[in-house]
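Geometric and topological summary
Here is how the chains run, residue by residue.
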Amino acid sequence: MHLERRVLVTGGAGFLGSHLCERLLKTGNQVLCVDNFFTGTRRNIEHLLDHKHFELLRHDITHPLYVEVDEIYNLACPASPVHYQRDPVQTTKTSVIGAINALGLAKRLGAKVFQASTSEIYGDPTVHPQPEEYWGNVNSIGPRSCYDEGKRCAETLFFDYWRQHRLRIKVARIFNTYGPRTHPNDGRVVSSFIVQALLNQNITIFGEGQQTRSFCYVDDLIEGFIRLMDSPSDVTGPVNLGNPGEFTIRELADIVIELTGSRSKIVYRPLPQDDPKQRRPNISKAQELLNWQPTIQLREGLQKTIPYFERLILDGQISKAVFN
Ligand code: NAD
Ligand code: UDP
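Because the structure is predicted, anything quoted here is derived from the model rather than measured.

**Some thoughts on the nonpolar core**
- Ranked by internal contacts, the top residues of the largest apolar core, which has 62 residues, are L20, Y73, F114, F225, L241 and L302.
- Looking at which element gives the most residues to this core, the answer is helix α6 (residues 218-229), with seven residues.
- Once residues lying within four places of it in the same chain are set aside, the contact partners of L302 are Y178, V190, I194, L252, I255, V256 and L259.
- One finds L8, V96, V113 and F159 within the second-largest nonpolar core, a separate group that totals 24 residues.

**Quick look at the site of ligand 2**
- For ligand 2, the set of nearby residues contains 18 residues, the closest of which are T204, F206, R213, D275 and R279.
- N176 is positioned with one of its side-chain polar atoms (N or O) 2.9 Å from an oxygen atom of ligand 2.
- Interatomic distance of 2.8 Å between a side-chain N/O atom of R279 and an oxygen atom of ligand 2.
- Broken down by secondary-structure element, the contributors of at least two residues to the shell around ligand 2 are α5 (189-198) and β8 (203-206).

**Overview of the packing of α5 against helix α9 (residues 298-314)**
- One can describe the packing of α5 onto α9 by two numbers: an axis separation of 10 Å at closest approach and a directional angle of 60°. Judged on the interaxial angle alone, α9 and α5 are oblique. Crossing of α5 against α9: the hand is right-handed. Counted together, V190, S191, I194, V195 and L198 of α5 and L302, T305, I306, F309, E310 and I313 of α9 form the full contact between these two elements.

Conventions used here
Residues numbered from 1 in each chain as written. Chains lettered and ligands numbered in written order. Predicted model: local features only at pLDDT ≥ 70, side-chain atom pairs only at ≥ 80, totals over all residues. Heavy atoms only, no water. Core = buried A, V, L, I, M, F, W, Y, C linked by side-chain atoms within 4.5 Å. Buried < 20%, exposed > 50% of the residue type's maximum accessible area, 1.4 Å probe, protein only. Helix = DSSP H or I, 4+ residues; strand = E, 2+ residues; numbered from the N terminus. Contact = heavy atoms within 4.5 Å. Near = heavy atom within 4 Å. Polar contact = N/O pair within 3.5 Å; in protein donor to acceptor, adjacent residues only side chain to side chain. Axes fitted to C-alpha atoms, helices over the stretch in contact; angles between N-to-C directions. Parallel < 35°, antiparallel > 145°, perpendicular 65-115°, else oblique. Left-handed = near helix turned anticlockwise from the far one by under 90°.

What is shown is where atoms sit, not what they do.
Quick look at the structure:
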């Protein structure tokens, strides 16, 4: 097979990164996966380790990296509120210094560089659904700020490198995405509800469950990544990537209980500070510029995801105590 590109994926052992590495290898690229295993695991990429075009490097992207590649996907950063709030200073460093290092590397190599930005850029949005033109409603000093402001600053850096150094940049604003290989303990809502349901434990809804999210299945998202990276050079983004199907958290809990046939009860817990009340992407730009839109709706995506967590439980990879 003709190998076209050497591609660096930072955060490649994480949930999204591992799916991206897999996809890039399937389409004949050489992949260099860089990760410090803060939230990622070897298990996510175990099946790729023997692939002759896959290389794994344990490295923290807050330190400069000297490698030779043609393209860079910068995904390194914890994405779940529980994890990014565990060491908030490190989260900001990973977002900001990590972006500077990825951009510096791209500048030296003349490489194209992709940034995994986020719908958190919009904060607790007052415009609904959120188009890319919306500047957001973000608290700069709250518990989510390390992530939100870190990611906003990373966007600023990407656009300054583009203006100042004519770097080829691709910025995706990712909305809530789920699927196999989400870390079972990372506290994100889809994985948490599925694991709780499979263990017949209480399903913990934060607040009254009336807040909304729009859930994208991982395969759809990765297709969006590739299309954005391969788009003409005048397409810089930011481009929203997500599934516009919008659900309350209570609706999600009911669907998960139904699909798993669980005996779990729903319990209510306090709503975390600054938890966004609503979130739904306007994806017109992605449709128009990338001819992209999600094809897998929530029930179907959950049916593809549930067996992954069933397998983890059977293999003893999830301790019941963690979820009590
Ligand atoms: P994840 O936590 O599973 O993956 C992040 C990966 O980055 C992990 O493997 C982690 O070990 C690694 N990492 C963290 N800090 C690092 C550092 N300093 N140096 C090297 N590696 C480091 O999360 P994910 O869901 O796969 O998210 C990937 C990216 O996509 C993140 O940048 C996240 O902000 C963004 N994103 C994800 C979502 C989503 O719903 N999954 C939504 C919006 C944005
Ligand atoms: N949530 C919940 N129970 C949980 C985990 C999350 O009700 O066990 C809620 C959370 O308060 C938020 C939504 O689900 O309103 C999505 O949370 P998640 O952590 O997945 O991502 P966010 O979109 O907030 O970054």
